[in-house]
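# Close look at the chain arrangement
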Amino acid sequence: MVFDLEEIEKFRLSGKILCATREEMRGFVKEGMQVIDVCEKAEALIRKKGGVPAFPCNVSINEVAAHYTSPPGDESVIPVNSTVKVDMGVQIDGYVTDTAFTVSFNSEGKSMTAAAEYALKLVIENIHNDMSVGRIGGIIETAVKNHGFKPVSNLSGHSVGRYLIHAGTSIPNVATLSASKVHTGEVFAVEPFVTQPDAIARVDDNPQNTIFRLVRAKSVKAVYAKQLLKFIETNYRTLPFAERWLTDVVPQSQHAEAFRELLKQKIITSYPVFIEASKKPVAQAEHTLIIKENGCEILT
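Since the model is a prediction, treat every value here as computed from it, not as a measurement. (Residues numbered from 1 in each chain as written. Predicted model: local features only at pLDDT ≥ 70, side-chain atom pairs only at ≥ 80, totals over all residues. Heavy atoms only, no water.)

This part is about the sheet that holds strand 12 (residues 268-276). Judged by pairing direction, the sheet is antiparallel, and its four strands sit side by side in the order 2-12-10-11 without closing on themselves. Only two strands of the sheet have a single neighbouring strand rather than two, namely strand 2 (64-66) and strand 11 (241-242). Examined bridge by bridge, strand 10 (residues 203-214) and strand 11 share two bridges and lie antiparallel to one another. Its bridge partner lying in strand 11, Ile211 is registered against Ala242. Contacting strand 10, strand 11 and strand 12, helix 5 (residues 223-236) crosses the sheet at an angle of about 90° to strand 10. Relative to strand 12, helix 6 (residues 252-264) is tilted by about 85°, and along the sheet it contacts strand 10, strand 11 and strand 12. (Pairing = 2+ DSSP bridges. Helix = DSSP H or I, 4+ residues; strand = E, 2+ residues; numbered from the N terminus. Contact = heavy atoms within 4.5 Å. Axes fitted to C-alpha atoms, helices over the stretch in contact; angles between N-to-C directions.)

Quick look at the packing of helix 3 (residues 107-126) against helix 4 (residues 133-146) now. Viewed as axis vectors pointing N to C, helix 3 and helix 4 meet at an angle of 145°, and their least axial separation amounts to 9 Å. Regarding helix 3 and helix 4, the two cross each other, and that crossing is right-handed. Along the contact surface, helix 3 presents Ala115, Tyr118, Ala119, Leu122, Val123 and Asn126, while helix 4 presents Ile136, Ile139, Ile140, Ala143 and Val144. Looking at the contact of helix 3 with helix 4 residue by residue, the class counts come to 10 nonpolar, one polar and no charged. (Left-handed = near helix turned anticlockwise from the far one by under 90°. Nonpolar A, V, L, I, M, F, W, Y, C, P; charged D, E, K, R; others polar.)

Right, here's the structure in full:
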């Protein structure tokens, strides 16, 4: 999807807000801190700076690779010696940017983080119009392996669009034979995921679900489910949301039943939490880029 200049300016504003938020959050994450405090701090900063969260802040710890955000009343904390991925997004008029960083409180996690950041740096230095996504994956895979680690093979970056986090094209973290290419004017989030050399280096779905999105709006009879659905349609459209964003929409005594009704009728769906298959820790780095003829522009 190629964007015009007006749309690109909205991506740039989105990315500017997200970049500033990320840099503030780097020094905020501490051992022993409640995860929900990290999520809510990031989301509040985005709003304070004039943006809207494009999805709930993900705080994924150790072997949890992605898609964990605090549910309502979350009491989980950041463990000592852990490796913590913080993944955030901003939308301006629906135009989405996406970034992530890793804070590790142990030496191997720091080395994995450096490998992820280096792989991302190499992609930024080499990506250009008409490059195949398989070649981009090869750059990431080689960089990570040269650092003595493994890329997570079934996680990938992605094109982004208006009210779309995943807009159709994936950027793999390993070399592939894909014929898909990136083109000038397209916007992509590139996100190397790195794990230990003895890991399976794939993720499995965990039964826990903390992030949701609207699949299709249809008529519901229950009054509070209908009220909840209207709020989701108005505020999030096709973008992901957290259940904790909805707890004040209907009376608290009615929330759980209304939310279950939307899930039961498949009006909303959930994203599985991703866990590295061998329970090894994972690090991540991510930027959103606009593809240029002979390079790229970093938005975040």
